[in-house]
Amino acid sequence: MSSPSKRREMDLMKLMMSDYKVEMINDGMQEFYVDFHGPKESPYQGGVWRIRVELPDAYPYKSPSIGFINKIYHPNVDEMSGSVCLDVINQTWSPMFDLVNVFEVFLPQLLLYPNPSDPLNGEAAALMMRDRTAYEQRVKEFCEKYAKPEDVGAVPEEKSSDEELSEDDYASSDEAVAGQADL
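Here the structure is a predicted model, which means the values were calculated and not measured. Residue numbers here run from 1 along each chain, matching the order of that chain's written sequence. At least 70 in pLDDT is required for a residue's local features to be given in this predicted model, at least 80 for side-chain atom pairs to be given and counted, and no such filter applies to totals for whole chains, interfaces and linings, which use all residues. For side-chain calculations, the full set of non-hydrogen atoms in the structure is used, while hydrogens and water are omitted.

**Student:** Sorry, what's going on with the packing of helix H1 (residues 3–17) against helix H3 (residues 99–112) here?
**Tutor:** Two quantities define a packed helix pair, namely the angle between the helix axes and the distance between the axes. Where H1 meets H3, the closest approach of the two axes is 7 Å, and the angle between their N-to-C directions is 40°. The orientation of H1 with respect to H3, classified from their angle, is oblique. In this structure, H1 uses Asp-11, Leu-12, Lys-14 and Leu-15 to contact H3, whose residues at the interface are Leu-99, Val-100 and Phe-103. Residue type decides the class: Asp, Glu, Lys and Arg count as charged, Ala, Val, Leu, Ile, Met, Phe, Trp, Tyr, Cys and Pro as nonpolar, and the leftover types, Gly among them, as polar. Among the residues forming the contact of H1 with H3, the class breakdown is five nonpolar, no polar and two charged. Working convention: axes come from line fits to C-alpha atoms, limited for helices to the stretch in contact. Angles between N-to-C directions cover 0 to 180 degrees. By definition, any uninterrupted DSSP run of H or I lasting at least four residues is a helix, any uninterrupted run of E lasting at least two residues is a strand, and each is numbered from the N terminus. Any angle that falls under 35 degrees is termed roughly parallel, while one over 145 is termed roughly antiparallel, one within 65 to 115 roughly perpendicular, and all others oblique. Working rule for contacts: check all heavy atoms of both residues, and any pair within 4.5 Å makes them a contact.

Structure follows, in structure tokens:
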């Protein structure tokens, strides 16, 4: 077994042994869903999001692809695709980081400290800068509508084999979408 495979296996097991619900997408260890709870004392508290994680062959030397499956209202998350704009995942990833860091540090920090000056959701960024109270209310509305704990397991539906996207449909950049949101 090569070193990246051992590391991938070890990081995945560490994540599974933590408090996160992990659901494998296929037989390999490269694609899976993780149920992520919004940080306490934030407008996202009480929301649960299903995050699609895709580990590249070169993991941990190359960052995982992370995407929200159910909708979230946030300046740094694309509302339609669920793609995440997060420097530590997209540009400054290091093999010192692991999957638990993503869910215990990076994503909570993203939700607690949005960066409206580098938005993927321009409308959320503009509202946040113009009227923080209205922005937080919209976040809570999205949580109630799209991130109820009882609904999170039923959100993703895998495409049937005749609807599969070709390899070319998945961009290989660090900002590639980890999964498409069902509309």
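**Student:** Help me out: how do you make sense of the pairing of strand S4 (residues 65–68) in this one?
**Tutor:** On a regular strand, each side chain points to the face opposite its neighbour's, so the side chains alternate between the two faces of the sheet. Judged by which residues are buried, S4 turns out to be covered on both faces: Ser-65 and Gly-67 on one side and Ile-66 and Phe-68 on the other are all buried. We treat two strands as partners when DSSP finds at least two bridges between them. The pairing of strand S3 (residues 48–54) with S4 spans four bridges and is antiparallel. Bridge pairing links Arg-52 to Gly-67 in S4. Each residue is assigned to one of three classes by its accessible area relative to the maximum for its type, calculated with a 1.4 Å probe on protein chains only: buried under 20%, partly exposed between the two thresholds, exposed over 50%.

**Student:** Help me understand helix H4 (residues 122–130), please; the structure alone is not making it clear to me.
**Tutor:** The α-helix advances 3.6 residues per turn, and as a result positions three or four apart in sequence lie on the same side. For H4, the full list of buried residues reads Ala-124, Ala-125, Leu-127 and Met-128. The buried residues of H4 occupy an angular sector of 165° when the element is viewed end-on, so they sit on one face. Residues of H4 that are exposed and point over 90 degrees away from its buried face: Met-129 and Arg-130. Looking at the buried side of H4, the elements it contacts are helix H5 (132–146). The term polar contact refers here to a pair of N or O atoms within 3.5 Å; inside protein, the definition further demands a hydrogen-donor-capable atom paired with an acceptor-capable atom, and it admits residues adjacent in sequence only when both atoms are side-chain atoms. Of the residues that open H4, the one with a side-chain oxygen 3.2 Å from the backbone nitrogen of Glu-123 is Asn-121. An arc is given here, and it is the one of the directions from the helix axis to the C-beta atoms.

**Student:** Please explain the nonpolar core as it appears in this structure.
**Tutor:** If you look at soluble globular proteins, the nonpolar side chains tend to sit buried side by side. Leu-15, Phe-32, Trp-49, Ile-51, Val-53, Phe-103 and Leu-107 are the most contacted members of the largest nonpolar core, which totals 38 residues. Those elements giving two or more residues to this core turn out to be H1, strand S2 (31–37), S3, S4, H3, H4 and H5. The element that contributes the greatest number of residues to this core is H3, accounting for eight residues. Other than its neighbours up to four places away in sequence, Val-53 contacts Gln-30, Glu-31, Phe-32, Val-34, Pro-64, Ser-65, Ile-66, Leu-99 and Phe-103. The set of buried Ala, Val, Leu, Ile, Met, Phe, Trp, Tyr and Cys residues whose side-chain atoms join them within 4.5 Å is what this entry labels a nonpolar core.

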